[in-house]
Amino acid sequence: MTHADPTSIAGKRFPLRDSFTHVVIGAGEAGIAAARAAAASGERALLVDEHPLDPGLFGLDIPYLFGGRLDASTRQAARMEERIVAARPGLLQAMEEGVEVAIGTAAWGAFVKGPSSRALPVRMLGLADRDAAWLVGFERMTIATGARDVALPFPGWTLPGVMGAQGFDAALRLYGAFSGRRIAIIGGGALAQQAEAAARGTGLDVALRVAAPAPLRILGREEVTGLAWQQDGAWREAACDTVVLAVDTVPMVELPDLLGCAIGWDPAHGGFAPVVDAQGRSSLDGIAVRGEAAGTAAAQRAAWLDLALAADEALVCACEEVSAADLRALRPPRYLAAEGPEAGLARLGPPNQDQVKRLTRAGMGACQGRRCRESVHALLSRERPAPLASHRAPLRPLPLSVLAALEEDPALRANWTGWFGIAAQWLPHWEPAPPDAEYIGGRLSGGDVVK
Amino acid sequence: MIVIIGGGVTGLSTAFWLAREGHAVTVVEKGIVGWEASGRNGGGCTHPYSPLFREEQRLWPMMDDLLGHPTEWRPNRIKVALDEGQLDRLWKSTRLATDQGFAAEVLDRAALRDLVPWVGENAVGGILWKYGGHANPQRTSQAYAWAVERHGGRILQHTTVRGIRTRGGRAVAVETSAGEIGCDAVVIAAGPHTAALAQPLGHRVPMAPARVEMIVTEPLPPIAMGGVDGNGLYGRQTLRGNLAYGGGPHEWIDLDGEATPRPVNTPVMAGLARRLQEMFPRLGHVRVIRSWGGIVENTPDGRPILDRLEDPANVVVASMSSVGFGLSPATGRALAQLVLQGRCDFADLSQLKLSRFGNLPLDWRSRQGWDALPV
Ligand SMILES: Cc1cc2nc3c(=O)[nH]c(=O)nc-3n(C[C@H](O)[C@H](O)[C@H](O)COP(=O)(O)OP(=O)(O)OC[C@H]3O[C@@H](n4cnc5c(N)ncnc54)[C@H](O)[C@@H]3O)c2cc1C
């Protein structure tokens, strides 16, 4: 090659803030253990955890279903950091043993060489705090991001006060910031039992627990004021200010999916789970997945989801306001005021969640399907499980200003063009391509693109 | 039977125009319709440098009705300049359209701010293009496919074409992963895979595949004219309100067999955020929710190849060289004419023939600096 196309990515640098032999994402038990083990074996290890969260994420229910039940103390960064460290004593131990620890730091992307990303010189992890995004280099990664909540789209589920088991646990034990008083718990398995025990242990009033799958209605206008459930054909009601959906959790497979690790449908382990060996090694060299991110316990999710989704009005995707009926009819979003194809969903070939998203917008909103992935998947998987809906960076929604702060190679800026930088492409195609034309496509600044 | 290889917008639109006139068509798509570049692009419908520009502009306002499903097409574009150099280049491309009788208006800072409340003091001005527009690529791709079927055409998804069988200088059958389909004519509109499908027929179709990427933000209240871009970005505010923008360095790649490589994102996505914030300084707080990539092909001069071959004489080759979404309504109509009558009667396609690359050196990619780096 004479010299590489200057408007291409070839030869561009990606400035790194630091480099580690081993990065561990998620400072729960599994992550702390992995980071300490890495440090003990002489690796330069970084352990990151997104808690305390960018306060904007609580309202978006990312990464858990927080249901607006965390108090204002979560906005005080320093105080929250103290609480996180207090809640996870292993963090200090890890630090003493030489692990570099970064809390309040979200992993939003991972960039590795592949058939369409040949120009990436080393493996890179995208990190961000509240102010800026940056990159670090790594050789090995352990993903220990845990599990997230499964929302059940019963009427009223989007009211403030409806939480997931993970959100409830974080509010109670990690942030010490739970603002509810009287709670109802949904679920019959270990997850629900733990939530109940934790609630009672903290002196909360547990109004009731609905253990067996039953139709539910969450009551309230501005926020939760009660729960109605069906039992023996009759509706019953109880007053409460919080409903904890503790039927099931699902492995957080965002990073493994982004990296291209094999992920399989495995209802015995929470649904989509990375394919790992006994040591947690994924299909990708040097990438391990541990703890609940690698698989959770089996639960009664399907029965509960079926009950919730039976109603046409069930609001499946809260961000984009897509109901179960809209999904079945493959209806375009309301602002288009149009109908879907006559046969609805059946009009498509084998169901594909990403394709259905493109047409209905279910899962296309600010929470990126964190609250509706399982519902949409259940709706599409009547005959056989639909494939995993894709995850993309940024894995946490980052303000433009934060992402914009990522350090950039000056050569990348100098050669930035809107589209390719092929001068002849922008000149009349009914005339022969001129040899030394000026490039008039979108260009940042400066002179002609060197060809 | 006319067999169309590739269910992107080029193939689907061709099938639509043919089926609409009552011809028997089958579109063969290895995955899902619109899954590659056609469903991943910026949705721009403004190509004044193309001989199909006038037809592009004429057809878009009718596409929702013609296809029977919404494409989210909206007219006009607003271009934002952050310095005089940007403004100067914008006027140069504007002149391509105004020379053809289309109208454009100068926007001073205040007028720009009235139309686009997100711009800041750093904007020197802009141009309102009273032509062009934008549409939703995913909805448009699917709308074409449903319209093809409504007119009696057939779409085979998850079916891969493996070869084209010829006899006596004509294509007689298309070999697919689901068996052979007899044919009277073939259109190869397989995006970056077009070259590999044409090669066994004895034709070198020079093209280089590349990966490009885009980002999208959470929705904002829609402004009246959402087709706003500049500062090295192309894109739009969607009708839902999200800002969807792309631009910046592409990556030249190689194909490995019949699959399309997974188009991942790179830290270039942060560069997109940086330029979006430069253009709209009031929007620093707006969250980026997703990014994606797509694979496009480029010919050596960056211009389409729309050509009916001489041998086999019933095969049409169509590559849009990375600028094919917006033109697709017109491209499909032109290609349908090439299939049926061997020439297009509404646009001069004489410069878009394959033969212009007759003397191209074999190592043209290297010479242009377009080689893929090793994996
Ligand atoms: C990020 C991005 C932004 C863009 N922005 C714009 C824009 O704003 N405006 C614009 O006009 N253009 C834009 N483009 C370019 C535009 O998307 C493409 O030029 C256009 O979609 C090409 O359509 P196509 O049908 O020719 O090819 P493709 O969309 O690539 O479709 C080809 C199809 O052929 C199928 N196929 C391949 N091989 C086989 C086989 N052997 N058997 C069966 N099927 C096969 C593929 O699966 C694919 O679906 C952009 C592209 C990208 C990626």
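Residues numbered from 1 in each chain as written. Chains lettered and ligands numbered in written order. Predicted model: local features only at pLDDT ≥ 70, side-chain atom pairs only at ≥ 80, totals over all residues. Heavy atoms only, no water.

1. A word on the overall build of chain B
Condition: Counting from the N terminus, the helices are DSSP H or I runs at least four residues long and the strands are E runs at least two residues long. It is over C-alpha atoms that the radius of gyration is taken, and the globule rule equals 2.2 Å times the number of residues to the power 0.38. Classification of residues uses two cut-offs on accessible area relative to the type maximum, computed with a 1.4 Å probe and protein chains only: under 20% is buried, over 50% is exposed, and between them is partly exposed. Contacts were defined at the residue level, with two residues in contact if any of their heavy atoms lie within 4.5 Å. To be clear on the numbers: accessible area is Shrake-Rupley with a 1.4 Å probe, and residue cover counts the displayed protein chains and nothing else. Counted as positive: Lys and Arg. Counted as negative: Asp and Glu. His and the chain ends are not counted at all. To locate a charge, take atom NZ for lysine, CZ for arginine, CG for aspartate or CD for glutamate.
Across its full length, chain B holds 9 helices and 18 strands. Here the C-alpha radius of gyration of chain B, 21 Å, is about what a compact globule of 375 residues would show, namely 21 Å. When the 375 residues of chain B are sorted by exposure, 68% land in the buried category. Sequence-distant contacts in chain B: of pairs separated by 6 or more residues, those separated by 24 or more amount to 72%. Total accessible area on chain B stands at roughly 12300 Å², and carbon and sulfur atoms take up 49% of it. In chain B, the 39 positive side-chain charges and the 37 negative ones have mean positions that sit 2 Å from each other.

2. Quick notes on the overall build of chain A
Of regular secondary structure, chain A possesses 13 helices and 21 strands. Here chain A has a C-alpha radius of gyration of 24 Å; the compact-globule value for 451 residues is 22 Å, and the two agree. Over its C-alpha atoms, taken along the principal directions, chain A stretches across nearly 80 × 65 × 40 Å. Taken over 451 residues, chain A has a buried fraction of 59%. When contacts within chain A are restricted to residue pairs at least 6 apart in sequence, long-range pairs at least 24 apart make up 64% of them. A total of about 17300 Å² of accessible surface is found on chain A, and carbon and sulfur atoms cover 51% of it.

3. Remarks on the domain arrangement of chain B
Accessible area lost on assembly of the parts is the figure often given for the size of an interface. All names here are of chain B. Defined as follows: Each domain's extent is set by a domain assignment, obtained either automatically or from a database. Accessible surface is computed with a 1.4 Å probe, and the buried area is the amount of it that two parts give up when combined, taken over both parts together. The rule for a salt bridge is simple: a side-chain nitrogen of Lys or Arg has to be within 4 Å of a carboxyl oxygen of Asp or Glu. Nitrogen and oxygen atoms within 3.5 Å of one another constitute a polar contact, given that in protein one can donate a hydrogen and the other can accept it, and given that sequence-neighbouring residues count only through two side-chain atoms.
Looking at the assigned domains, one finds that chain B contains domain 1 (2–69 + 137–206 + 302–367) and domain 2 (74–134 + 208–298). The centre of domain 1, based on its C-alpha atoms, is set 26 Å off from the matching centre of domain 2. With 29 residues of domain 1 at the interface, the matching set in domain 2 holds 32 residues. For domain 1, the biggest contributors to the area lost against domain 2 are Arg40, Pro192 and Arg365; these three give 23% of the whole. Across the contact surface, domain 1 and domain 2 share 2 salt bridges. Across the salt bridge formed by Glu258 and Arg162, the nearest N and O atoms sit 2.8 Å from each other. Viewed at the interface, domain 2 and domain 1 are joined by 19 residue pairs in polar contact (both at pLDDT 80 or more). Those elements that place two or more of their residues in the side of domain 1 that touches domain 2 are helix H2 (53–67) and helix H9 (364–367).

4. Observations concerning the side chain of Asn136 of chain B
Residue and element names in this part refer to chain B. Within the secondary structure, Asn136 is located in the loop between strand S5 (125–134) and helix H5 (137–150). Engagement of the side chain of Asn136 in a polar contact is seen with the side chain of Glu72, the distance being 3.4 Å. A polar atom in the side chain of Asn136 sits 3.0 Å from the backbone nitrogen of Arg139. In this view, Asn136 contacts Thr71, Glu72, Arg236 and Phe325; residues no more than four positions away in its chain are not counted.

5. Comments concerning the UniProt feature "domain: Rhodanese" (unreviewed entry) in chain B
Going by this rule: UniProt positions are given in the numbering used here, feature names are shortened, and annotations may be inferred rather than shown by experiment.
In the numbering used here, UniProt assigns the feature "domain: Rhodanese" (unreviewed entry) to residues 2–44 of chain B. Within the segment residues 2–44 of chain B, helix and strand shares are 28% and 19% respectively, and the terminal C-alpha atoms sit 29 Å apart.

6. Looking at the packing of helix H8 (residues 301–309) of chain A against helix H11 (residues 373–380) of chain A
Residue and element names in this part refer to chain A. The criterion, for reference: Orientation is described by lines fitted to C-alpha atoms, with helices fitted over the stretch in contact, and by angles between N-to-C directions that extend from 0 to 180 degrees. Orientation is classified from the angle alone, with under 35 degrees giving roughly parallel, over 145 giving roughly antiparallel, 65 to 115 giving roughly perpendicular, and any other angle giving oblique. In this classification, the charged set is Asp, Glu, Lys and Arg, the nonpolar set is Ala, Val, Leu, Ile, Met, Phe, Trp, Tyr, Cys and Pro, and all remaining amino acids, among them Gly, are polar.
Across the interface, H8 lies against H11 with an axial gap of 10 Å and an inter-helix angle of 85°. Relative to H11, the element H8 lies roughly perpendicular. Along the contact surface, H8 presents Arg301, Leu305 and Leu309, while H11 presents Glu374, Ser375, Ala378 and Leu379. A breakdown of the residues in the contact of H8 with H11 according to their chemical character gives 4 nonpolar, 1 polar and 2 charged.

7. Focus on the pattern of salt bridges
When charged atoms on two side chains of opposite charge get close, those side chains can pair. Residue and element names in this part refer to chain A. One pass over the structure, following the stated rule, counts 50 salt bridges over all chains. Among the salt bridges present, the one from Arg44 reaches Glu100, with a minimum N-O distance of 3.8 Å. Here Arg44, found in the loop between helix H1 (29–40) and strand S2 (45–49), pairs with Glu100, found in strand S3 (residues 100–103); they are 56 residues apart in sequence, far enough to count as distant. Arg44 sits in the partly exposed class, given a relative accessible area of 39%. With a shortest N-O distance of 3.3 Å, Asp306 and Arg382 are connected by a salt bridge. Linking Asp306 in helix H8 with Arg382 in the loop between H11 and strand S21 (398–399), this pair joins segments that are 76 residues apart in sequence. Overall, the relative accessible area of 37% leaves Asp306 in the partly exposed class. Beyond isolated ion pairs, a larger network of salt bridges with shared partners links Glu50, Glu254, Arg370 and Arg396.

8. Quick look at the pairing of strand S17 (residues 305–308) of chain B
Successive side chains on a regular strand alternate, one facing one side of the sheet and the next facing the other. All names here are of chain B. Note the threshold: Note on pairing: two strands pair once DSSP finds at least 2 bridges between them.
Note that S17 and strand S18 (residues 315–319) share 4 bridges and pair antiparallel. The residue bridging Arg308 from the neighbouring strand is Val316, located in S18. Two successive antiparallel strands, S17 and S18, enclose a turn made up of 6 residues.

9. Observations concerning the side chain of Ser375 of chain A
All names here are of chain A. Along the chain, Ser375 turns up in helix H11. Taking relative accessible area as the criterion, Ser375 reaches 1% and is therefore assigned buried. Setting aside residues up to four positions removed in sequence, Ser375 forms contacts with Ala151, Pro153, Leu305, Leu309 and Val316.

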